[in-house]
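Working through the structure, step by step
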Amino acid sequence: MDYSLHARIRAGDPEAFREIFRDHAPLVHRHGVRVTGDHALAEDVVSLTFLEAWRLRERLLDHEAGPRPWLMGIAVNVLRNTSRAARRHQAALGRLPARDTVPDFSDEIVGRMADADQLAAAQSALKKLRRTEREVFTLCVWSGLGYAEAAAALGVPVGTVRSRLSRARKRLRGLAEQELRKCREPLPGPGQVQGGRTFAARSYEAHEETYG
């Protein structure tokens, strides 16, 4: 494989960075949206990922899959830090005195986003996994990285990726069944969106087709 792009990135060639941004920013953004459920936050993840990539450019190793595993590894770390910051923010808000309720327009927003409820259902299921299992699942199943790429992104052996994905697969089977049962239950009140609750099951089925 021609590793000239890697050499240009390590040398800080601006054109090389424009090239990898053009080719990989959409993947990083999709991954960010699926993990966080927030398009605006996903845009921040893209910006931070490529800023970190520029700062860490000399650490890029030659890899047959190109710079994608390296970039996605940086994105995973950015998302870890983003999640910690979000938890600290929520904890700080919880310590504030109660205020008058602000009108909630989430139903209107969800109504305009056909897959919002599906994404929420999948995220709810994935949150029940260990972080290490969740990261492997989202990289391999949602973002389409192969075992070797995910291993390079996370800095772990390929065998570790396989075992974590296997554990995630077993746990998601039960979670998918729970989502199916919820789908058959009547909605408890107004303002809740029905449908899309089988998305976690579909994610698992997609995993089965790809990695089964």
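Scroll up for the structure.
Now for a quick tour of the structure.

Cut-off values and rules
Note on numbering: residues in each chain are counted from 1, in written sequence order. Local features are withheld for residues below a pLDDT of 70 in this predicted model, meaning they are given only at 70 or higher, and side-chain atom pairs are given and counted only at 80 or more; totals for whole chains, interfaces and linings count all residues. Side-chain descriptors were evaluated using all non-hydrogen atoms of the structure, hydrogens and water having been removed beforehand. To define a nonpolar core, start from buried Ala, Val, Leu, Ile, Met, Phe, Trp, Tyr and Cys residues and group those joined through side-chain atoms within 4.5 Å. Burial classification: accessible surface area is computed with a 1.4 Å probe over protein chains only, and a residue below 20% of its type maximum counts as buried, one above 50% as exposed, and the rest as partly exposed. Numbering goes from the N terminus for both helices and strands, where a helix is a DSSP run of H or I of at least four residues and a strand is a run of E of at least two. Every residue pair with non-hydrogen atoms within 4.5 Å of one another is taken to be in contact. Criterion for a salt bridge: a side-chain nitrogen of Lys or Arg within 4 Å of a carboxyl oxygen of Asp or Glu. Axis definition: a line fit to C-alpha positions, over the contact stretch in the case of helices; interaxial angles, taken between N-to-C directions, run 0 to 180 degrees. Roughly parallel covers angles under 35 degrees, roughly antiparallel covers those over 145, roughly perpendicular covers 65 to 115, and oblique covers all other angles. By convention the crossing between two helices is left-handed if the near helix lies anticlockwise of the far one by an angle smaller than a right angle, and right-handed if it lies clockwise. Throughout, the ten residues Ala, Val, Leu, Ile, Met, Phe, Trp, Tyr, Cys and Pro are labelled nonpolar, Asp, Glu, Lys and Arg are labelled charged, and all others, Gly among them, are labelled polar.

Core analysis: the biggest nonpolar cluster contains 43 residues, and I9, F137 and V161 have the highest contact counts within it. Among the secondary structure elements, those contributing two or more residues to this core are α1 (4-10), α2 (14-36), α3 (39-55), α4 (68-94), α6 (116-126), α7 (131-142), α8 (147-154) and α9 (158-184). The greatest single-element share of this core, amounting to eight residues, is contributed by α4. Discounting residues that sit within four places of it in the chain, V161 has contacts with V136, C140, Y147, A150, A151 and V156.

Along α8, six of the eight residues are buried, which leaves the element largely enclosed by surrounding structure. The complete set of buried residues in α8 reads Y147, E149, A150, A151, A153 and L154. Looking one or two residues beyond α8, the residue adopting positive phi is G155, at roughly 70°.

Quick look at the pattern of salt bridges now. Opposite charge on two side chains lets them pair, provided their charged atoms get close. Scanning the model with the defined rule gives twelve salt bridges in all. For R10, the salt bridge goes to D62, with nearest N and O atoms at 3.1 Å. Of the two residues, R10 sits in helix α1 while D62 sits in the loop between α3 and α4, which places them 52 residues apart along the sequence. By relative accessible area, D62 is classed as partly exposed at 40%. A salt bridge links R130 to E133, with the nearest nitrogen and oxygen atoms 2.9 Å apart. One network of salt bridges, with partners in common, ties together R130, E133, R167 and R171.

Further remarks concern the packing of α7 against α8. It is at 10 Å that the axes of α7 and α8 come closest, and there the two elements cross at 135°. Comparing the axis directions of α7 and α8 gives the class oblique. Crossing of α7 over α8 shows right-handed handedness. Residue-level contacts link E135, V136, L139 and C140 of α7 to A150, A153 and L154 of α8. Partitioning the contact of α7 with α8 into residue classes produces six nonpolar, no polar and one charged.

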